[in-house]
Amino acid sequence: MAGKVHILGAGLSGMVAAITLARKGHEVLVIEGEKRLGGMHHDMPSVHTTPIDPAWMSEQVGIDVRSAFHPIESFVTVVGNRMYELNPGPMHAVERGARKSGIDKLLYDEACEAGVQFEFGTFLKDLREIPPGSIIATGLDPSMYDYLGIPFEITRGFAGTQKTDRAPWAAGLMAPYTKDYFYANCANNLMYGLFFSRGYVKAKTLEACIRDVKEKFDLELHNWEYFTGRVPTGSAKNPRLFQDGYVLAGTLSGAMDPGALFGIHGAILSGRLAAMAVDDPDRALEEFKEMNKCYRISYYLRRFFSHIPGRLAVMDFNIRHPLFSYPMAAITSGAVPGYRKGIWGYEIMKNARRVS
Ligand SMILES: Cc1cc2nc3c(=O)[nH]c(=O)nc-3n(C[C@H](O)[C@H](O)[C@H](O)COP(=O)(O)OP(=O)(O)OC[C@H]3O[C@@H](n4cnc5c(N)ncnc54)[C@H](O)[C@@H]3O)c2cc1C
């Protein structure tokens with residue numbers, strides 16, 4: 001049997017890495033800070049939307065994740081005062097958290113079957129407690145950004161939920177009061193909405209968002225909870241597979257698109273590469289660079305747009321003239337780490353219909 005590998009974090013990338021390594025004959029121990037499965041999301045199950053081809057992803061990582069991803073049937077977006085019905089394209093909803101219907105449980109069951117051991121309730125602050133070469137897959141939690149000196153931005157906001165019997169649906173809202181956006185989506189009878197920003201979210205801004213969400217989407221989300229985390233968008237050089245003798249996986253490794261902050265695609269794929277890095281670091285590094293090759297250009301594009309005043313007008317123009325903004329859509333699409341299944345940024349905007 002190959003040597004024992006320690007993995008910090010039982011989230012998407014950590015569990016994909018664990019399954020891959022265990023199947024190759026490694027003894028694997030996953031150490032998770034929370035007392036139970038579901039990571040940062042265990043208290044409040046959540047639904048996220050992400051561009052993905054689940055069949056292709058399943059093939060890439062050798063884990064059948066198709067049942068966890070639900071094609072979005074209707075996708076609306078509000079830009080300023082205008083509402084559009086977009087083409088859902090490759091957008092899928094996926095549930096996070098501890099429930100049976102979520103992807104965390106699917107990966108956990110697969111990991112247990114492969115023989116992975118888990119230690120829940122151990123939140124590590126000092127990496128000297130695990131051997132060099134261990135995989136660090138701690139997502140948006142601040143701890144390892146500090147410990148390993150990884151550049152970051154802070155994201156914060158509020159999330160709310162509501163029961164629903166609606167088919168998978170997603171909505172986006174871009175408004176002058178956030179540098180990022182609000183989104184709502186549903187799957188498995190759960191509606192989840194997140195209002196977040198890399199700037200501050202003040203109480204009156206949240207109130208304005210809640211009013212807009214009620215008025216535009218007829219949603220009344222409850223149980224609003226504050227959320228904050230770090231995202232690896234502090235520098236154009238963020239993506240890194242190795243740091244200080246450790247292997248990084250998931251969002252901590254920079255496998256997140258720096259514009260819209262889609263992190264699920266990159267987290268799953270980078271789990272496979274972190275596992276590969278244990279046995280074949282050169283090949284893993286090569287594939288990691290390829291996976292994140294659009295990061296830098298997307299990083300600068302986002303910085304440029306966050307500083308110009310007409311951000312909403314540009315977005316509105318893009319939706320109305322998708323062919324004109326095709327090059328930008330291509331960058332946005334490629335910036336979702338590993339996404340190579342077409343220009344989804346264009347696909348969702350072509351044939352957009354103004355609703356109001
Ligand atoms: C609220 C929210 C909404 C999001 N919405 C979307 C979306 O709609 N679409 C999209 O594509 N992406 C979204 N993302 C981003 C995406 O979820 C993440 O990028 C992705 O889950 C990261 O996967 P990961 O494997 O890196 O980490 P995670 O899946 O977050 O797992 C990290 C794990 O490490 C554990 N951990 C952290 N620190 C320690 C420590 N020191 N010791 C032990 N354990 C530790 C955590 O408890 C957690 O279980 C969202 C993220 C959040 C937080």
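Here is what the cut-offs are and how they apply
Residues numbered from 1 in each chain as written. Predicted model: local features only at pLDDT ≥ 70, side-chain atom pairs only at ≥ 80, totals over all residues. Heavy atoms only, no water. Core = buried A, V, L, I, M, F, W, Y, C linked by side-chain atoms within 4.5 Å. Buried < 20%, exposed > 50% of the residue type's maximum accessible area, 1.4 Å probe, protein only. Helix = DSSP H or I, 4+ residues; strand = E, 2+ residues; numbered from the N terminus. Contact = heavy atoms within 4.5 Å. Pairing = 2+ DSSP bridges. Axes fitted to C-alpha atoms, helices over the stretch in contact; angles between N-to-C directions. Parallel < 35°, antiparallel > 145°, perpendicular 65-115°, else oblique. Left-handed = near helix turned anticlockwise from the far one by under 90°. Nonpolar A, V, L, I, M, F, W, Y, C, P; charged D, E, K, R; others polar. Near = heavy atom within 4 Å. Polar contact = N/O pair within 3.5 Å; in protein donor to acceptor, adjacent residues only side chain to side chain. Areas by Shrake-Rupley, 256 points an atom, 1.4 Å probe, with all protein chains shown as cover. Salt bridge = Lys/Arg side-chain N within 4 Å of Asp/Glu carboxyl O.

Visitor: Any chance you could explain the nonpolar core here in plain terms?
Guide: If you look at soluble globular proteins, the nonpolar side chains tend to sit buried side by side. By size, the foremost hydrophobic cluster in this structure holds 47 residues, and its most contacted members are Ile7, Phe69, Ile103, Leu107, Ile135 and Ile268. Of all the secondary-structure elements, those providing two or more residues to this core are β1 (2-8), α1 (12-23), β2 (26-32), α2 (54-61), α3 (103-114), α6 (264-279) and α7 (281-291). Per-element tally for this core: the top contributor is α6, with nine residues. Ile7 has contacts with Gly14, Ala17, Ala18, Leu21, Val28, Leu29, Val30, Ile31 and Ile135, leaving out every residue within four places of it along the chain. Counting residues in each nonpolar core, the second largest holds 31 residues, with Phe75, Phe196, Tyr339 and Ile348 among its members.

Visitor: Looking at this structure, I do not really get the sheet that holds strand β12 (residues 181-187). What am I missing?
Guide: The pairing of strands in a sheet comes from backbone hydrogen bonds and takes either a parallel or an antiparallel form. In space, the eight strands of this open sheet follow the order β14-β10-β13-β12-β11-β5-β6-β17, with mixed pairing throughout. Each edge of the sheet is formed by a strand with only one pairing partner; in this case those strands are β14 (222-231) and β17 (353-354). Bridge count between strand β10 (residues 153-163) and β14: eight bridges; the pairing is antiparallel. Counted as the bridge partner of Arg156 is Thr228 from β14. Helix α5 (residues 203-217) rests against β5 (74-79), β6 (82-86), β10, β11 (169-174), β12, β13 (190-197) and β14 of the sheet, and its axis sits at about 130° to β11.

Visitor: Explanation requested: the packing of α6 against α7 in the structure shown.
Guide: Helix-helix packing is characterised by the crossing angle of the two axes and by the distance between the axes. Interaxial distance between α6 and α7 falls to 7 Å at its minimum, and their mutual angle equals 160°. It follows from the interaxial angle that α6 and α7 lie roughly antiparallel. Helix-helix and strand crossings are classified by hand; for α6 and α7 the assignment is left-handed. When α6 is examined against α7, the residues Gly266, Leu269, Ser270, Arg272, Leu273, Met276, Ala277 and Asp279 are found in contact with a partner set consisting of Pro281, Arg283, Ala284, Glu287, Phe288 and Met291. Per-class residue counts for the contact of α6 with α7 are eight nonpolar, two polar and four charged.

Visitor: For this particular structure, what's the right way to read the sheet that holds strand β7 (residues 91-96)?
Guide: Pairing in this open sheet of three strands is antiparallel, and the strands run β3-β7-β4 from one edge to the other. Each end of this open sheet is capped by a strand with a single partner; those strands are β3 (46-51) and β4 (69-71). Shown here is a sheet whose adjacent strand axes are inclined to one another by a mean of 35°, direction ignored. Bridge count for β3 against β7 is six bridges, and the pairing is antiparallel. For Val47, the partnering residue across the bridge sits in β7 and is Glu95. Lying over the sheet, α6 contacts β3, β4 and β7, oriented at roughly 80° with respect to β3.

Visitor: Just checking my understanding: could you explain the site of the ligand for this structure?
Guide: Around the ligand sit 36 residues in total, of which Ser13, Glu32, Arg96, Leu124 and Thr251 are the nearest. Between the ligand and Glu32 there is a distance of 2.6 Å, counted from an oxygen atom to a side-chain nitrogen or oxygen. Residue Gly263 places a main-chain N or O atom 3.0 Å away from an oxygen atom belonging to the ligand. Taken by itself the ligand offers 1,000 Å² of open surface, and the protein chains cover 96% of this. If you list the elements that add at least two residues to the shell around the ligand, you get α1, β3, α4 (142-148), β13 and α6. Residue contributions to the shell around the ligand peak at three residues, all from β3. Here the shell around the ligand is built from residues that sort into 16 nonpolar, 16 polar and four charged.

Visitor: Where do I start with unusual backbone geometry in this structure?
Guide: Comment: phi is negative for the bulk of residues other than glycine, and the bulk of peptide bonds are trans. The phi dihedral of Asn188 falls on the positive side, at around 50°, and the residue is not glycine. Following the sequence through the fold, Asn188 ends up in the loop between β12 and β13. For Asn188, a relative accessible area of 25% gives the class partly exposed. The backbone phi angle of Asp218 is positive, close to 55°, even though this residue is not glycine. Topologically, Asp218 is positioned in the loop between α5 and β14.

Visitor: How should the pattern of salt bridges be read in this particular structure?
Guide: A side chain with one charge can pair with a side chain of the opposite charge if their charged atoms come near. Enumeration according to the criterion identifies 22 salt bridges in this entry. Of the charged contacts, one joins Asp316 and Arg82 as a salt bridge, the two residues approaching to 2.8 Å between their closest N and O atoms. Here Asp316 is found in helix α9 (residues 311-320), whereas its partner Arg82 is found in strand β6, with 234 residues between them in sequence. For Asp316, a relative accessible area of 7% gives the class buried. For Arg230, the salt bridge is made with Asp146, and the minimal N-O distance between the two is 2.4 Å. Taken together, the residues Arg230 in strand β14 and Asp146 in helix α4 connect sequence positions 84 residues apart. According to the relative accessible area criterion, Asp146 is partly exposed, its value standing at 47%. What emerges from the salt-bridge pattern is a single network uniting Glu153, Asp180, Arg198 and Arg302.

Shape descriptors only; they carry no functional weight alone.
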